[in-house]
Amino acid sequence: MGYKRWIFSFLLAASQKLLAEDKTCSLPNIENGRIAPYYYSFQDYYFPMKRNAKLSYSCLAGYTTESGSQGARINCTTRGWAPAPRCYNTCSAPDLSHGHYHTVQRVFNLNEKLKYECDDGYLTAGGNTMEEALCHPQGWSLFPKCTKLQCSLLSPIEHGGVYPSKGSYDEGDVVQFFCLEGYSLEGPELIQCYNFGWYPKPPVCEERRNKCPSPPQPPNAKLPSPLRTFHHGDTLHLQCEPPFQIRGSDEIRCENGKWTSPPKCTVLPLIPDTGRSKNMEVPLLPEMERNCSSPPVVKHGLITSAVNPWMTSYKTGSLVEYRCVSFHVMKGPKAVTCVHGSWTEPPVCSEPCLIDEETVGIYNIELKWTLEELNFLHGEVIEFVCKPGYVLPPSISESQLLVQCVNGELRYPKCILRDPSENCGPPPSIRNGILTRLVGTDYAPGSSAEYSCHEYHFLQGSRTVSCSRGQWTTPPICIEPCILSHEEMAKNNLDMRWSFDNRPYFLHGEFVEFICKPYHVRQYSTSESDFRVQCRNGTVLYPRCIDMQG
């Protein structure tokens, strides 16, 4: 009897378990959707529903199912309702200024696309002239709008500034760069905003190198020193061509990038010794005057004096000046003088040097200052560096990377491939960031280093660098956060849209939303999307609201 009672209890429990397993689906909670009202009224009767039961639901106005319909059917499975009932928000096409849509449709379901095009001089939210926006559950993938063509914000120039400094620049805007005292511009002073961006490339401020130009050579003087680059404090001693002699000190000095005033070379005539000082300047005796023929021809040089080209005879004391054609440097006095029937030594116009890019590539070198032109004047010193992964041979000193242009000729240094087993130096430092981890010792090949940015700074690039062939791979950069200016907000009549956004910092790439202060409306030139602003490189572009009575 006890055995039969045990069997009965077991069968009863099993049947109840099967009955419970058969009823698996409870009342669904459908956000922005509903099922028939009687299901809510008699919930205990209908739910949970049995497996394979079907249920219809509908979405509220302004919402659709994933397929775009207003309603759908779901099935009860052992894992619950399938597919999961969901109602998605539809996307409405906003008013589009300075552009047009490719369809008259204005309400779009989930995953539907809206194609639009902007007028000339305006760009889509993605920076194109034509765009397709996709309707996502949260709204448009890229909010449809056409904004006036603008150039990217100019990064702050270290040791200098830019004028005018604005939050945004339109096509055609021109800006001027300047450097602080002790620094000079390497690159163009003016750049302009075009439809493809800024051109030419913005300059940088380099610490001023106190170099002097080629030394001055007064007429009939010569320089005894070899051709080289002169720096602050260097001195030179001038000499005069015979029969000229120096008047004043023969020394000139390079001071703060300029040469001191040079002396003069004067003619001393050959006269009988009558007891006068040999250095005393007296008029030439008529019987000793002999004329000169046409002045000498200077290669790459032009005569600048007002000289009759058909004139073939010049009196003693006549002076003819020259200048060199563009990019040629004058060596020697710029003028010749007729002395007793002969012209003094004419100048030489030394040719410029043109960087041979093919040779530079073969020799594994590149210009140290990338903003420099490929043309260099005679006497200029060009600074090269080895390409990444290459070094000078052990027998060659670093000074060989400084090459002087000598009358159109350059002697290029040659770099060789680094030894794969060569160690690197210390990992490079980064602005607004620190080195947090170093794997390996002695910076051997394969060693790695890891960086992190200061608080609130956004890390862009690879966090990790590694040592290969004696060089570290490119380190990341740390982009500054944006600091909200309550002064700018007050000036533009703005409040924060969300109270949780009232914080001091926004990371690069984050969005912040504004609204107009009470009794103010957005400026006619702005749209609602302009009030959702993205922090970019430490800068926030504030929209503007105006007094509704103004």
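Everything below is about the structure printed above this text.
Everything in this summary refers to the structure shown in the same document.

**A look at the overall build of the protein**
What the protein contains, in helices and strands, is five helices and 59 strands. Looking at the protein as a whole, 31% of its 550 residues are labelled buried. Residue pairs in contact within the protein that sit at least 24 positions apart in sequence constitute 43% of those at least 6 positions apart.

**What to know about the sheet that holds strand 37 (residues 335-339)**
The antiparallel open sheet is built from four strands, whose spatial order is 34-35-37-38. The strands lining the two open edges of the sheet, one partner per strand, are strand 34 (301-303) and strand 38 (342-343). In this sheet, strand 35 (residues 319-324) lies alongside strand 34 in antiparallel orientation, the contact comprising three bridges. Of the residues in strand 35, the one forming a bridge with Gly 301 is Cys 324.

**A word on the pattern of salt bridges**
Scanning the entire structure with this criterion turns up seven salt bridges. The shortest N-O distance in the salt bridge between Asp 530 and Lys 145 comes to 3.4 Å. Of the two residues, Asp 530 is situated in the loop between strand 57 (520-522) and strand 58 (532-534) and Lys 145 in the loop between strand 15 (139-140) and strand 16 (147-148); the sequence distance between them amounts to 385 residues. Given a relative accessible area of 25%, Asp 530 falls into the partly exposed group. The exposure class assigned to Lys 145 is partly exposed, which follows from its relative accessible area of 22%. The closest approach of N and O atoms between Arg 532 and Glu 513, which form a salt bridge, is 4.0 Å. One end of the pair, Arg 532, is in strand 58; the other, Glu 513, is in strand 56 (residues 511-516), with 19 residues separating them in the sequence.

**Focus on the sheet that holds strand 20 (residues 174-179)**
A sheet is described by the order of its strands in space; here four strands give the open sequence 18-20-22-23, paired in antiparallel fashion. Two strands close off the open sheet at either side, each with one partner strand: strand 18 (160-163) and strand 23 (197-199). Each neighbouring strand pair of the sheet contributes to a mean axis angle of 30 degrees, computed without reference to strand direction. Inspection of the sheet shows strand 20 paired to strand 22 (residues 190-194) by three bridges, in the antiparallel sense. Residue Val 174 lies in a different strand from strand 22, and its bridge partner there is Gln 192.

**Description of the state of the cysteines**
Evaluation of the coordinates by the stated rule reveals 14 disulfides. Between the sulfur atoms of Cys 240 and its disulfide mate Cys 265 the distance is 2.0 Å. Residues Cys 240 and Cys 265 are joined by a disulfide whose S-S torsion is about -85 degrees; by sign, that bridge is left-handed. Pair noted here: Cys 240 is in strand 29 (residues 239-240) and Cys 265 is in strand 33 (residues 264-267), with a separation of 25 residues, a long-range link. As far as the burial class goes, Cys 240 and Cys 265 line up, both buried.

**Some remarks on the pairing of strand 56**
Regular strands place their side chains on alternate faces of the sheet. Here strand 56 shows a clear split, with Val 512, Phe 514 and Cys 516 buried on one side and none of Phe 511, Glu 513 and Ile 515 buried on the other. Bridge count between strand 54 (residues 494-496) and strand 56: three bridges; the pairing is antiparallel. For Leu 494, the partnering residue across the bridge sits in strand 56 and is Cys 516.

**Side note on the side chain of Thr 344**
On the secondary structure map, Thr 344 appears in the loop between strand 38 and strand 39 (348-350). Leaving out residues up to four positions away in the same chain, Thr 344 has contacts with Asn 220, Phe 244, Ala 335, Val 336, Thr 337 and Val 339.

**Details of unusual backbone geometry**
Glycine aside, the phi torsion of most residues is negative, and most peptide linkages are trans. In this structure, Pro 83 follows Ala 82 across a cis peptide bond, with omega equal to -10 degrees. Inspection of the secondary structure puts Pro 83 in the loop between strand 7 (80-82) and strand 8 (88-89). The residue after Tyr 163, namely Pro 164, is reached through a cis peptide bond having omega -5 degrees. With respect to the secondary-structure elements, Pro 164 resides in the loop between strand 18 and strand 19 (169-170). Of note, the phi angle at His 159 is positive, near 65 degrees, even though the residue is not glycine. Summarising the element assignment, His 159 is placed in the loop between strand 17 (150-151) and strand 18. On the accessibility criterion, His 159 (31% relative accessible area) is partly exposed. In this model, Asn 537 sits at a positive phi of 50 degrees, which is unusual for a non-glycine residue. Relative to the helices and strands, Asn 537 resides in the loop between strand 58 and strand 59 (545-547). Accessibility expressed as a relative area gives 43% for Asn 537, which makes it partly exposed.

Basis of the calculations
Residues numbered from 1 in each chain as written. Predicted model: local features only at pLDDT ≥ 70, side-chain atom pairs only at ≥ 80, totals over all residues. Heavy atoms only, no water. Helix = DSSP H or I, 4+ residues; strand = E, 2+ residues; numbered from the N terminus. Buried < 20%, exposed > 50% of the residue type's maximum accessible area, 1.4 Å probe, protein only. Contact = heavy atoms within 4.5 Å. Pairing = 2+ DSSP bridges. Salt bridge = Lys/Arg side-chain N within 4 Å of Asp/Glu carboxyl O. Axes fitted to C-alpha atoms, helices over the stretch in contact; angles between N-to-C directions. Disulfide = S-S within 2.5 Å.

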